[in-house]
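Coordinate inspection notes
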Amino acid sequence: MLTPVTDPDGAPFWEYAARGELRIQACADCGELRFPPRPCCPHCQSFASEWRAMSGRGRVWSYVVPHPPLLPDYAALAPYNVIVVELYEAPHIRLVGNLVSEVGAPLNSLDPHGIRIGARACFGYDETTGLPQWVLERP
Ligand code: ZN
């Protein structure tokens, strides 16, 4: 499995994720959220930033079912999904991940043909892989 490669701008995202918290970088001057993390605010050019806690809730904005050729570790798990989630608090912020049956479950734990655009999803963190995951929100 591929593991996250962090840089100084994005390191806090991974540190919060490892605690099960979804936090998004925000400008400390104008308040605009931005993702992926970067040093300068694209709205006001400020270099001051903070990490704002999100609810961890969003909707499936898009998804794909990757087809071969796949990396060997991933080929063994196909078919699986890769989703793009838009956050409730900030629909312009979209994160890529996998939708799984429960936090910690493998990539192929959900039938990708059952995924629907607009489905409600919640952020989770898989301690085994060190990666964020998404699970369907229970009604
Ligand atoms: Zn700003």
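What you are looking at is a predicted structure, and each value in this text was computed from that prediction instead of being measured.

**Section: the nonpolar core**
Here is a general trend for soluble globular proteins: nonpolar side chains tend to be buried in one another's company. Residues Leu22, Ile24, Leu33, Leu87, Ile93, Leu95 and Trp134 are the most contacted members of the largest nonpolar core, which totals 23 residues. Of all the secondary-structure elements, those providing two or more residues to this core are helix 1 (11-17), strand 1 (23-27), strand 5 (82-87) and strand 8 (120-126). Here this core spans two domains, since at least three of its residues come from each of domain 1 (7-53) and domain 2 (55-139). Not counting the four nearest positions on each side in its chain, Leu22 is found in contact with Phe13, Arg52, Ala53, Met54, Gly56, Leu87, Leu95, Phe123 and Trp134.

**Description of the environment of Glu50**
Structurally, Glu50 is set in strand 3 (residues 49-53). The spacing of Glu50 and Pro12 is 38 residues in sequence and 9.7 Å in space, taken between C-alpha atoms. The contacts of Glu50, once residues within four sequence positions are left out, are Ile24, Gln25, Ala26, Cys27 and Ala28. Within the local environment of Glu50, its side chain forms a polar contact with the side chain of Arg52, the two groups lying 3.3 Å apart.

**Thoughts on unusual backbone geometry**
With omega at 5°, the peptide bond leading from Pro68 into Pro69 counts as cis. Of note, the bond from Ala78 into Pro79 is cis; its omega dihedral lies within 30 degrees of zero at 0°. Inspection of the secondary structure assignment puts Pro79 in the loop between helix 2 (72-75) and strand 5. Its identity as a non-glycine residue notwithstanding, Gln45 has a phi of 65°, on the positive side. Topologically, Gln45 is positioned in the loop between strand 2 (33-34) and strand 3.

**Points about the pairing of strand 1**
Across the five residues of strand 1, four count as buried, placing the element largely inside the fold. Where strand 1 meets strand 3, five bridges bridge the pair, whose relative direction is antiparallel. Bridge pairing in strand 3 places Cys27 opposite Ser49. Examined bridge by bridge, strand 1 and strand 2 share two bridges and lie antiparallel to one another. Note that in strand 2 the partner of Gln25 across the bridge is Arg34.

**Considering the domain arrangement of the protein chain**
Each domain of the protein chain was delimited in the assignment, giving domain 1 (7-53) and domain 2 (55-139). Listed by partner, the interface residues are 13 residues for domain 1 and 14 residues for domain 2. Per element, the largest residue contribution to the side of domain 1 that touches domain 2 is three residues, and it comes from helix 1. Here the side of domain 1 that touches domain 2 is built from residues that sort into nine nonpolar, one polar and three charged.

The rules behind these values
- Per chain, the residues get numbers from 1 upward, laid out in the order the sequence is written.
- Residue-level local features of this predicted model are given only where pLDDT is at least 70; pairs of side-chain atoms are given and counted only at 80 or more, and the full residue set underlies all totals for whole chains, interfaces and linings.
- Hydrogens and water molecules were not included; the side-chain quantities draw on all heavy atoms of the structure.
- Joining through side-chain atoms within 4.5 Å is the link that ties buried Ala, Val, Leu, Ile, Met, Phe, Trp, Tyr and Cys residues into a set, and such a set is a nonpolar core.
- Each residue gets one of three labels from its accessible area relative to the maximum for its type: buried under 20%, exposed over 50%, partly exposed in between, using a 1.4 Å probe on protein chains only.
- Counting from the N terminus, the helices are the DSSP runs of H or I reaching at least four residues and the strands are the DSSP runs of E reaching at least two.
- Here the limits of each domain have been adopted from an automatic or database domain assignment.
- Throughout, a residue-residue contact means that at least one pair of heavy atoms, one from each residue, lies within 4.5 Å.
- For the purposes of these results, a polar contact is taken to be a pair of N or O atoms within 3.5 Å, where, inside protein, one atom must be able to donate a hydrogen and its partner to accept one; residues adjacent in sequence count only when each atom of the pair is a side-chain atom.
- Two strands form a pair only when DSSP identifies at least two bridges running between them.
- In the scheme used here, Gly and all other residues not listed as nonpolar or charged are polar, with Ala, Val, Leu, Ile, Met, Phe, Trp, Tyr, Cys and Pro taken as nonpolar and Asp, Glu, Lys and Arg as charged.

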